[in-house]
Structures are given as C-alpha cells and as structure tokens.
Amino acid sequence: MGIPLVDLRAEYEPLKDQIRESFDEILDSMYLFLGNNVQAFEQEFADFCGVNFAVGVGSGTEALHLALVALGIGDGDEVITVSHTFIATVAAISHVGARPVFVDIDRETYVMDVSQLESKITESTAAIVPVHLYGQPVDIDPLLKMAGRYELKVIEDGCQAHGAEYKGRPVGSLGDVGCFSFYFSKNLGAYGEAGMVVTNDAKLADTLRLLRNHGQESKYRHRIIGYNSRMDELQAAVLRIKLRRLAERNERRRQNAYLYNSLLRGVDLITPREADYGRHVYHLYVVRARDRDGLRQRLGDRGIQTGIHYPVPSHLQDACLVYGYRVGDLPITEQVASQVLSLPMYPELKSEQIETVVQAVREIEEEKG
Ligand SMILES: *Cc1c(COP(=O)(O)O)cnc(C)c1O
C-alpha cells in the first residue's frame, strides 16, 4: 500500500451521508446557482476570515481576476508579486492588461521577501499581490506600510492559506481584498471549481457581485459589462459542510508537520520553517533536497507519492517570456524551485505513515552513502 500526496476519499468518507443529503435537496429544488447555500456560505466564510463581506465566484483565478478589475487595475499598471507561485496569480494580473513585476522570495519562508519590495516600486506600480504560499503567511505589516506610503492596493492570494494567521489576524482580512480558491486539493476544497473574494469594503463587494454575474443588478438589467463567474449551489453546499471542520483539520496538518520536522532531524534535508509572526496551515509540507529529482524517483519506487510546487518559476515560463525576465534574475526563487519537494500531507495522514515516509527518506540517504 502506497502513501498518496493527498487523500480526498479519507475526507469524504465520514461526510458522505451529509453531502449526499444536501445534494438531493438542491437537485430536488433545481435552484442551482447563487441560491441559499451560496449566500449562507458567503456569510460563514466572511465570519471565518473576520471580514464583513465575501463574494462567491467561479474559481481562485477568477477571484484574483475580478478583484483586480474591481480595484481598477488594468492597462499600463504594474503589479508586484512573486514568481514562486502557481501561474494563476500571474495570469490574473495579465488578464487585466497589467504587467507582473516579480520580487524574490525569502530563503527561509519561501514567500515574498518584503525587504526587496520598495526597489520594485515605480511610477506605474498600482498594486501588490502577496501570495501566502504553502499555507505560510507573508510578512504583511511592512508590506502594508509600503502600500500605504505609495498608495498601492493590496490583493492577498490566500488560495493556499485558508485559516492561516498573521499575528493573530486571519489571512484574507489583511489587505484591500483577499482571494481564495476551493480547488479540490486545497485546505478547503469543493468537488468542482469555486473561489471567493473577501473584503471589508461594502462598495467593492457590490462591484464584485455585479462583476461575477454579467454586471446584472436585476433580471436582464446590466449596469456594467461583467463576467460569468458564479458560484454554484452544489459547491457551496459541500464547502459549508467542510468549513465546519476546517480549523480542526488545519490543526491536524500542523501536528503532522511538526511530527515530520522532528523525525527528519539529522536527515540531509531542509525542513520548512514557520515564520514567528504567523500561523502556517501547511497546505503543503515542502522540504528542500540537494538531489531532489533522485529522491523523488526513489520515493516513488517505494509507493510514496510526492509533488513539486513548482518546478519552473513563473518568470521563466514560456508564457512569461514577453515580460523579459532571464535566468539569474531571481536567484532565491530559482534555487528553491530546483530543490523543493512536497511530501504527503493531509489531515488524515497517520503518524505511522509519516514514520514510513521518513524511514524511506533515511534509507535512500544511506543507500547513496
Ligand atoms: C490554486 C491557486 C490559484 C488558483 O485557484 P483556482 O481555483 O485553481 O483557479 C491561485 N493562486 C494560488 C497560489 C493557488 O495555489
């Protein structure tokens, strides 16, 4: 029996009856989009993030895209973010016609190195998109200070960090808007596509509600040209059920991470470091290995599934050639991308399974001598 990177069935099993019951209700009513479940989930998720408003949208990518549109970011603007992220962060910026400007990451936390931020700010900078990657919050206070000084908008990419905290404040509530993905493998995952934008700004929330549904203010009355990015009732129903368990499941991820950390002591790997200012929610448990590809291959041979998040940094993707970056421009990002390896991580992962993974890593290390 192998060990998967994530195990969605283990989460589904105890929720099966409840989820099927609410699916039945929705299918009997045939009210499929932006109904009671979406509305209730928006309220519940807003509460979870400690904000006043949440707007359910079609995906995390759409959350970022619509947030940028709602904040008026577009042609000619520069948006500062990191290259070490899933490409969707960058795509959303490109979609509005803005130029992504990449800042390097911190070599220990793997999120934006905020101390390098100011050097990237120009006359054209309009916004910053900090990415709370792997579940680790960005050092947001100095970032917000900088944003305030230069009058920049802050759009948090919390797609991997539902429930993470910065100095006790929930991720998503820190900037002008927070964006979340409910892609199936995220800490809070739907069974299809879904995302959320959260904010304390009532006007912005109104704009987002218009944008996600063709700019429609009442039936066939369109105030602005919008998009089709509605959350559906089936996804909202699943997410409501799962949200009630999210805090507890994040805690189990943390315990699993600590067990990995302690068992991996003395092994020639760099284990993740949790920043003192934050509460990491370990969407991914990412180690760094010198011979990452060899280790990955040998773990795979033993039935242990791993991942690489991400092997090619955004600034070196073919899709981003147009922005003119070259190898060597972001040294920490490039080094980290060549070494990161995500080990199996999910709340239901058992201590014995973690022991098995670590034992395998030790044996592989010994084999190599
Ligand atoms: C998953 C993810 C997204 C995109 O979310 P989707 O729901 O897949 O569109 C954006 N940013 C980051 C950091 C992500 O991990």
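Scroll up to find the structure.
Residues numbered from 1 in each chain as written. Predicted model: local features only at pLDDT ≥ 70, side-chain atom pairs only at ≥ 80, totals over all residues. Heavy atoms only, no water.

As for the environment of phenylalanine 102
Okay, so step 1: Note on placement: phenylalanine 102 falls in strand β3 (residues 99-103).
Okay, so step 2: The class for phenylalanine 102 is buried, based on a relative accessible area of 0%.
Okay, so step 3: Taking the C-alpha atoms as reference points, phenylalanine 102 and tyrosine 325, 223 residues apart in sequence, are found 9.1 Å from one another.
Okay, so step 4: Excluding residues that lie within four positions of it along the chain, phenylalanine 102 makes contacts with Thr81, Val82, Ser83, Val90, Lys120, Ser314, His315, Tyr325 and Leu330. (Helix = DSSP H or I, 4+ residues; strand = E, 2+ residues; numbered from the N terminus. Buried < 20%, exposed > 50% of the residue type's maximum accessible area, 1.4 Å probe, protein only. Contact = heavy atoms within 4.5 Å.)

Brief notes about the sheet that holds strand β6 (residues 165-166)
Okay, so step 1: Spatially, β7-β6-β12 is the arrangement adopted by the three strands of the open sheet, whose pairing is antiparallel. The open sheet has two free edges, formed respectively by β7 (169-170) and β12 (278-279), since each of these has just one partner strand.
Okay, so step 2: Taken together, the two bridges between β6 and β12 define a ladder with antiparallel strand orientation. If you follow tyrosine 166 over to β12, its bridge partner there is glycine 278. (Pairing = 2+ DSSP bridges.)

Overview of the packing of helix α9 (residues 292-301) against helix α11 (residues 351-368)
Okay, so step 1: Axis separation between α9 and α11 bottoms out at 10 Å; the angle between their running directions is 120 degrees. The angle between α9 and α11 places the two elements in the oblique class. Along this stretch, α9 crosses α11, giving a crossing that reads as right-handed. Contacts between α9 and α11 involve Leu295, Arg298 and Leu299 from the first element and Val357, Ala360, Val361, Ile364, Glu367 and Lys368 from the second.
Okay, so step 2: For the contact of α9 with α11, the class distribution of residues is six nonpolar, no polar and three charged. (Axes fitted to C-alpha atoms, helices over the stretch in contact; angles between N-to-C directions. Parallel < 35°, antiparallel > 145°, perpendicular 65-115°, else oblique. Left-handed = near helix turned anticlockwise from the far one by under 90°. Nonpolar A, V, L, I, M, F, W, Y, C, P; charged D, E, K, R; others polar.)

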